[in-house]
Amino acid sequence: MTSSKPAGREVVSLDARAKQRREALGEPTTFELKGVEFVLPPFQTLPMDLQERVASREDALGILRIAAGADIVKDMIGAGYTIDDMELISEEWMARSGVEPGESAASSGS
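As a starting point, this report considers the structure included with it.

Rules used in this analysis
- Residues numbered from 1 in each chain as written.
- Predicted model: local features only at pLDDT ≥ 70, side-chain atom pairs only at ≥ 80, totals over all residues.
- Heavy atoms only, no water.
- Phe/Tyr/Trp six-rings, centres within 6.5 Å; stacked < 30°, edge-to-face > 60°.
- Buried < 20%, exposed > 50% of the residue type's maximum accessible area, 1.4 Å probe, protein only.
- Helix = DSSP H or I, 4+ residues; strand = E, 2+ residues; numbered from the N terminus.
- Expected span 1.5 Å × (residues − 1).
- Arc of directions from axis to C-beta.

**Some details on the packing of aromatic side chains**
Centre-to-centre distance and the angle between the planes together describe a pair of aromatic rings.
Phase 1 of the analysis: All chains considered together, the criterion is met by 2 aromatic pairs.
Phase 2 of the analysis: Between Phe-31 and Phe-38 the ring centres are 5.7 Å apart and the planes differ by 20 degrees, which places this aromatic pair in the stacked class.
Phase 3 of the analysis: Among the residues examined, Phe-38 registers a relative accessible area of 2% and is labelled buried.
Phase 4 of the analysis: Taking 5.6 Å as the distance between ring centres and 90 degrees as the angle between the ring planes, the aromatic pair formed by Phe-43 and Trp-93 counts as edge-to-face. Residue Phe-43 is found in the loop between strand S2 (36–40) and helix H2 (48–55), and its partner Trp-93 is found in helix H5 (residues 83–96); the two are separated by 50 residues along the sequence. Trp-93 matches Phe-43 in its accessibility class, with the two residues each being buried.

**Here we look at H5**
Phase 1 of the analysis: The end-to-end C-alpha distance of H5, which contains 14 residues, comes to 20 Å, matching closely the 20 Å that a straight helix rising 1.5 Å per residue would cover.
Phase 2 of the analysis: For H5, the complete set of buried residues consists of Asp-85, Met-86, Ile-89, Ser-90, Trp-93 and Met-94. The arc that holds the buried residues of H5, viewed along the axis, is 160 degrees, so those residues lie on one side. Facing away from the buried surface of H5 by more than 90 degrees, the exposed residues are Asp-84 and Arg-96.
Phase 3 of the analysis: Immediately downstream of H5, the backbone of Gly-98 shows phi near 80 degrees, a positive value.

Below you can see the structure in the form of structure tokens.
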């Protein structure tokens, strides 16, 4: 059985390029604040819905629960992290991931 493709229709696979880009992102970053050490992966490796929430500063705590783990977030709360601390973490995380302030990672390639 042969597959039929419409004449003149080209499909460009981006799988190989996507793999190269993921490999170029580097390693997760270890941060420390108020005695709590935590590791965050490169920002661009997050699922798109989480990237949009981080970029717009929605639900930063929920995003950290997913990215760093629920136990780390409990430690952060126990250490007295503030909203300002959460903003600092977000800014440093995005900066170390090559995302400019106010830029969505989903649009950084455009």
